[in-house]
Amino acid sequence: MTEKRTAPAIPEAPADRAAVHPAGAGDSESADSGALAARELRAVFSRLRRTLREKGQAASGLTPSQTAVLSRLITDGPASASALAAAERVRPQSMAATLAVLEGHGLVVRRPDPEDGRRQLVGLSETGLSWIADSRRAREEWLARAFQEDFTEVERATVLAALSLLDRLNRR
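Everything quoted here is computed from the prediction, not taken from an experiment.

Quick notes on the overall build of the protein
At step 1: Within the protein, the regular secondary structure consists of 7 helices and 2 strands.
At step 2: Put simply, the protein runs from its N terminus to its C terminus through helices and strands in the order α-α-α-α-α-β-β-α-α.
At step 3: Within the protein, buried positions represent 20% of all 172 residues.
At step 4: In the protein, once contacts between residues fewer than 6 apart in sequence are set aside, the share between residues at least 24 apart is 53%.

A few points about the confidence of the model for the protein
At step 1: With 83% of its residues at a pLDDT of at least 70, the protein reaches an overall mean of 85.
At step 2: Scored below 50 in pLDDT, residues 1-25 shows 19 contacts in the model against residues more than four places distant or in partner chains.

Describing the packing of helix H3 (residues 64-76) against helix H4 (residues 81-88)
At step 1: Look at H3 against H4: their axes get within 11 Å of each other, and the N-to-C directions meet at 110°. In terms of axis orientation, H3 runs roughly perpendicular to H4. Here H3 and H4 pass one another in a crossing that is right-handed. Every residue of H4 that contacts H3 at Ala 68, Val 69, Arg 72 and Leu 73 is listed here: Leu 84, Ala 87 and Glu 88.
At step 2: Of the residues belonging to the contact of H3 with H4, the class tally is 5 nonpolar, no polar and 2 charged.

What counts and what doesn't
Residues numbered from 1 in each chain as written. Predicted model: local features only at pLDDT ≥ 70, side-chain atom pairs only at ≥ 80, totals over all residues. Heavy atoms only, no water. Helix = DSSP H or I, 4+ residues; strand = E, 2+ residues; numbered from the N terminus. Buried < 20%, exposed > 50% of the residue type's maximum accessible area, 1.4 Å probe, protein only. Contact = heavy atoms within 4.5 Å. pLDDT = per-residue confidence, 0-100. Axes fitted to C-alpha atoms, helices over the stretch in contact; angles between N-to-C directions. Parallel < 35°, antiparallel > 145°, perpendicular 65-115°, else oblique. Left-handed = near helix turned anticlockwise from the far one by under 90°. Nonpolar A, V, L, I, M, F, W, Y, C, P; charged D, E, K, R; others polar.

This is the structure:
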């Protein structure tokens, strides 16, 4: 059985910053902790994002660039191959190869552009939509299992509290 760890105590946020650092005292410490928080947050999110990407791609056999195209299509909708290449910052030839693989797997389909019949738009197929749903489900299940098995109830509550703060940061 996995050993349960206890969360470090997190001080409650003060109602008034001036109460913590009166008259500018400790501004250097505050700046240092802000820089440290920024570095650590970036590093942790980068590792977590990489892990989640791996969990979602584990059985698919798709490359990160192929997965990125599927993600872009689910987010932005159908697009031309040239628009996808520009958005992913790759050469049109590279995008053509990526789309050929995705098409071969039945994950994307090409349809005539309703505004310009000479151009084709690439969109997700039903299989592509299912693949994305399965990938998201696999990542969420991995996260839920990890939280359940490796974190105490107090730690899970701490994570939820931290996420609320991070959401506030995101709305800035």
